[in-house]
Amino acid sequence: MKEKVSVIIPCYNVELYIDRCLNSVVNQTIGLDKLEIICVNDASTDGTWEKLCSWEKKYSENIILINCTENGAQGRARNIALSHASGTYIIFLDSDDWVEVDTYERMYQAMERYDCDIVKCGWITDTDQGDIWKTKKKRFGEDYLLNFDSVQERRKFLTTGLMGHMCVDKMYRASIIFDHQLTFPEQCKYEDIYWGILSYFYVDRVYFMEENMYHYFKNSVSTVMTRNAAYHMDMLAVVIDLWEECERRGLLEYYYTEMELNFLIYY
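Predicted model, so just to flag it, every value in this text is computed and none were measured.

A. Helix H2 (residues 48-58), seen in detail. Inspection of H2 places Thr 48, Leu 52 and Trp 55 among the buried residues, and these make up the whole buried set. Considered in projection along H2, the buried side chains sweep an arc of 60° and stay on one side of the axis. Those residues of H2 that are exposed and aimed more than 90 degrees away from the buried face are Glu 50, Lys 57 and Lys 58. Contacts from the buried residues of H2 go to strand S1 (5-11), helix H1 (18-26), strand S2 (35-42) and strand S3 (63-68).

Spelled out as C-alpha cells, the structure:
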C-alpha cells in the first residue's frame, strides 16, 4: 500500500480526551506509516495545544499541527485541515471520540476491493460511565455495496437516510472532495448536515460495514447534548445554505423532490 490516509481531527478544549483519541489512531493496524494525522487546534483555552505538541514531538513524521488563534468551529478547522491533506483517502475524527484498532485498515481494504467513493462503518455511543462496547451488539447484519448508476437510483438513496449526515463514520476518496470543491460551512454548528447531504450527489459506489467501529463520546456538555442553547438555531441556517448551494450547482433540476424532503426533515 503506497496510498496514505489523511485523518483530520479538529480540536477545541479537549485536554481530557485527546490522548484517548490519538492513541486509537497511532495504534491502527493499517500502520502508522500509512497515516497522515492532521490536528487543528481551534483556539483552545485549556491545555489542548500543549498536549498536541507533545504528540507531534513523539510522532513528528506522521502528525501535522495547525494552531488557530481565532475559533472558527469545526467546519473551519476541517476546511483548514483539508487544505493540507495529501492522502488518497480522507477520514474525519472528532477529538473526544475514538475508533477500534482495525477500523482504518478494514475501511481501506473495502475501498480498494470495491473501488468505492465512501466506506461507512457503524458507530456506537459511549460514555465515561462504562464500556458500552462490551455490552451492546457490535454487528447488525451483512456488509453490502450500493452502486448509483442512474439518477433514479440516486433519488432512492437520497430519501432513505441510510448514510445519515455524520462525516466521522466514513472514509472518503479524496478526489471526490477536491474535484467537486466540497467544503464545510464555517462559524456554525451542524455543519455536517450540509457536508453529508451535498457529498452524496457525487459518489457512485458506497460500501456499508455493518459493524460498530466508531466510538461517539456522549459528553454532557457537548454541542448536541446542551438543550435550549442559541446555537441550535444554526441548523435552520445550515439547511437553507444547503438548499441554496444545491440550487447554485444545478442539483435541484434533477433532485428537487428529494431535497425538499431532506429540507423538511432537518429544518
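Once the structure has been displayed, the description carries forward.
B. Spatial organisation of helix H3 (residues 73-82). Burial within H3 is extensive, with 7 of its 10 residues counted as buried. Taken together, the buried positions of H3 are Ala 73, Gly 75, Ala 77, Arg 78, Asn 79, Ala 81 and Leu 82.

C. Inspection of the packing of aromatic side chains at higher detail. A full pass over the atoms with the stated rule returns 18 aromatic pairs. Note on Tyr 114 and Tyr 207: the rings are 4.4 Å apart at their centroids and 15° apart in plane angle, and the pair reads as stacked. In this pair, Tyr 114 sits in helix H4 (residues 103-114) while Tyr 207 sits in strand S9 (residues 205-217), placing the two residues 93 residues apart along the sequence. Classification of Tyr 207 by relative accessible area gives buried; the value is 9%. Taking 5.6 Å as the distance between ring centres and 70° as the angle between the ring planes, the aromatic pair formed by Phe 157 and Tyr 200 counts as edge-to-face. Of this pair, Phe 157 sits in helix H5 (residues 151-160) while Tyr 200 is found in the loop between helix H7 (191-199) and S9, placing the two residues 43 residues apart along the sequence. In this structure Phe 157 comes out as buried when scored by relative accessible area, which is 5%.

D. Expanded view of unusual backbone geometry. Look at Ala 43: it is not a glycine, yet its phi comes out positive at around 55°. Among the secondary structure elements, Ala 43 is positioned in the loop between S2 and H2. Judged by relative accessible area, which is 17%, Ala 43 ranks as buried. The phi dihedral of Asp 115 is positive, around 55°, even though this residue is not glycine. By the secondary structure assignment, Asp 115 is in the loop between H4 and strand S6 (118-126).

Cut-off values and rules
Residues numbered from 1 in each chain as written. Predicted model: local features only at pLDDT ≥ 70, side-chain atom pairs only at ≥ 80, totals over all residues. Heavy atoms only, no water. Buried < 20%, exposed > 50% of the residue type's maximum accessible area, 1.4 Å probe, protein only. Helix = DSSP H or I, 4+ residues; strand = E, 2+ residues; numbered from the N terminus. Arc of directions from axis to C-beta. Contact = heavy atoms within 4.5 Å. Phe/Tyr/Trp six-rings, centres within 6.5 Å; stacked < 30°, edge-to-face > 60°.

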